[in-house]
Amino acid sequence: MTELNILYWNTYKKPLIDEIKDLVIEYKINLIVLIENSADDTFLLNTLKNINQDFRQFQPRLFRRPKIFSSVPNIDIKENSGHGRYGIFEINIPKFEKKLMTITHFPSKFNWGNPSDHFGLCVELKTDIELEEFKSSTRNTLILGDFNMNPFEDGLVNSAGLHNINNKEIASTMSRNYQGKSYNYFYNPMWSFLGDESKGSVQGTHFHNTYKPINYFWNLYDQIMIRPELIPYFDENELTIISKIGNNSLVKKINGYTRIDKDYSDHLPIKFQLKLIKKNKYEEQELLAE
């Protein structure tokens, strides 16, 4: 096992056990993060164990919204800090470098309609992530979750917020200086799904037809972001917004255009892969160079 194959899905207060099982089998998933999932935890875990006996559930203490399961041997996932809307978890696997994984579930815009509300939450999250990076002595950090924000919204792109960027070359410079202060980047590959010529079969993870002057229809509310240090270990080709499970489509066409089939969920799942980083990799590289 040399990589994490990760599935994230906001299941819209539904169990969707068969669908989750099929996704685990099809994509060889070994780390699952679910939000708004109503399945009985024991039943879901037993279903996963029928696929792989190594599956275990990891219970958050503070940020209690996600359900986390993994079949990675000897993996330990502990919650370093939590909040009502996000949790920061440390992932430890023997012989590999630790990772920090932040899981988010930000409020819906129906409840938090003022953009400054989400902006303030992004600033708070950014501060907590950088504190945990300092305490854990690592920047192998990823964020995944439901932001109820598009990648281009202020809280995600502003330097005071999560400072996400859609360009790997720029992100690999690690940070930028503004007004005499350095601000760290997150690389956000989800930008690649925007528009008709995007990489995916759909242009978002959430569809909402609003009767407001600004109507995006497709929204990229579910996102992943990584620190530049993880870019070499992230495979762009493995990042997918899933719109079909087996022969079952998660989208349908109404009034001439495609939207999400809410018989499943109002969000589409995403899956991606991160290669694990062996400990002492720099020492190993030096030995090979000699």
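Residues numbered from 1 in each chain as written. Predicted model: local features only at pLDDT ≥ 70, side-chain atom pairs only at ≥ 80, totals over all residues. Heavy atoms only, no water.

1. Re helix 2 (residues 41–49)
Selection criterion: Burial classes: relative accessible area under 20% of the type maximum marks a residue as buried, over 50% as exposed, and values in between as partly exposed (1.4 Å probe, protein chains only). Note on conventions: DSSP H or I runs of at least 4 residues are helices, E runs of at least 2 residues are strands, and numbering of each starts at the N terminus. It is the directions from the helix axis to the C-beta atoms whose arc is reported. What makes two residues a contact is simply this: any of their non-hydrogen atoms within 4.5 Å. As used in this structure description, the phrase polar contact means that two N or O atoms lie within 3.5 Å; if the pair is within protein, one of them must be able to donate a hydrogen and the other to accept it, and residues adjacent in sequence are counted only when both atoms belong to side chains.
Burial in helix 2 covers these residues: Leu44, Leu45, Thr47 and Leu48. Along helix 2, the residues classed as buried sweep out an arc of 155 degrees about the axis, all on the same side. Exposed and oriented more than 90 degrees from the buried face of helix 2 are Thr42 and Phe43. Buried residues belonging to helix 2 abut helix 1 (17–27), strand 2 (31–37), strand 3 (56–58) and strand 4 (66–70). Structurally, the start of helix 2 carries an N-cap: the backbone nitrogen of Thr42 is 3.2 Å from a side-chain oxygen of Asp40.

2. A short note on the pairing of strand 8 (residues 141–146)
This is how it is decided: Two strands make a pair as long as DSSP finds a minimum of two bridges between them.
Here strand 8 lies mainly inside the structure; six of its six residues are buried. Neither face of strand 8 is left uncovered, since the one carrying Thr141, Ile143 and Gly145 and the one carrying Leu142, Leu144 and Asp146 both have all their residues buried. Here strand 8 runs beside strand 15 (residues 222–226); their pairing, made up of five bridges, is antiparallel. When the bridges of strand 15 are listed, Leu144 appears paired with Ile224.

3. Thoughts on the packing of helix 1 against helix 2
Under the convention used in this document: To get an axis, fit a line to the C-alpha atoms, keeping to the stretch in contact for a helix; angles then go from 0 to 180 degrees between the N-to-C directions. Just so you know how the angles are binned, under 35 degrees is roughly parallel, over 145 roughly antiparallel, 65 to 115 roughly perpendicular, and the rest oblique. Helix crossings get a hand from a simple test, with the near helix turned counterclockwise from the far one by less than a right angle marking a left-handed crossing and a clockwise turn marking a right-handed one. In this classification, the charged set is Asp, Glu, Lys and Arg, the nonpolar set is Ala, Val, Leu, Ile, Met, Phe, Trp, Tyr, Cys and Pro, and all remaining amino acids, among them Gly, are polar.
Where helix 1 contacts helix 2, the two axes come as close as 10 Å, and the packing angle between them is 30 degrees. By the angle class used here, helix 1 and helix 2 are roughly parallel. Like other packed secondary-structure pairs, helix 1 and helix 2 cross with a definite hand, here right-handed. Listed contacts from helix 2 to Ile17, Lys21 and Val24 of helix 1 are Phe43, Leu44, Thr47 and Leu48. Across the contact of helix 1 with helix 2, the residue classes tally to five nonpolar, one polar and one charged.

4. Description of the sheet that holds strand 21 (residues 270–275)
Strand order in the open sheet formed by six strands is 3-4-2-1-21-16, with mixed pairing between adjacent strands. Each having just a single partner strand, strand 3 and strand 16 (240–241) make up the two edges of the open sheet. Where strand 1 (residues 3–14) and strand 21 come together, six bridges link them in antiparallel fashion. Among the inter-strand pairings, Leu7 is bridged to a residue of strand 21, identified as Lys271. With respect to the sheet, helix 1 is in contact with strand 1, strand 2 and strand 21, its orientation differing from that of strand 1 by roughly 165 degrees. Each of strand 2, strand 3 and strand 4 touches helix 2; the most contacted strand, strand 4, lies at about 25 degrees to it.

5. Digging into the pattern of salt bridges
Stated precisely, the cut-off is as follows: One speaks of a salt bridge when a side-chain nitrogen belonging to Lys or Arg is within 4 Å of a carboxyl oxygen belonging to Asp or Glu.
For the structure shown, the criterion picks out nine salt bridges. Of the charged contacts in the structure, one is a salt bridge between Lys135 and Glu132, with a shortest N-O distance of 3.4 Å. You can see Lys135 and its partner Glu132 sitting in helix 3 (residues 115–136), three residues apart, about one turn around the helix. With a shortest N-O distance of 2.6 Å, Arg139 and Glu229 are connected by a salt bridge. With Arg139 in the loop between helix 3 and strand 8 and Glu229 in the loop between strand 15 and strand 16, this pair connects stretches of sequence that are 90 residues apart. Relative accessible area serves as the criterion here: at 22%, Arg139 is assigned to the partly exposed category. One continuous salt-bridge network, built from bridges that share partners, spans Glu130, Glu133 and Arg227.

6. Side note on the side chain of Gln273
Note on placement: Gln273 falls in strand 21. Setting aside its immediate chain neighbours within four residues, Gln273 contacts Glu3, Leu4, Asn5, Tyr233, Phe234, Asp235 and Glu238.

7. Focus: helix 1
In an α-helix, one turn spans 3.6 residues, which is why side chains three or four residues apart end up on the same side. Turning to helix 1, its buried residues are Ile17, Glu19, Ile20, Leu23 and Val24. Relative to the axis of helix 1, the buried residues are bounded by an arc of 165 degrees and lie together on one face. The secondary structure elements touched by the buried residues of helix 1 are strand 1, strand 2, helix 2 and strand 17 (244–245). Of the residues trailing helix 1, Lys28 is marked for its positive phi of about 55 degrees.

All quantities given are derived from atomic positions and should not be read as evidence of function.
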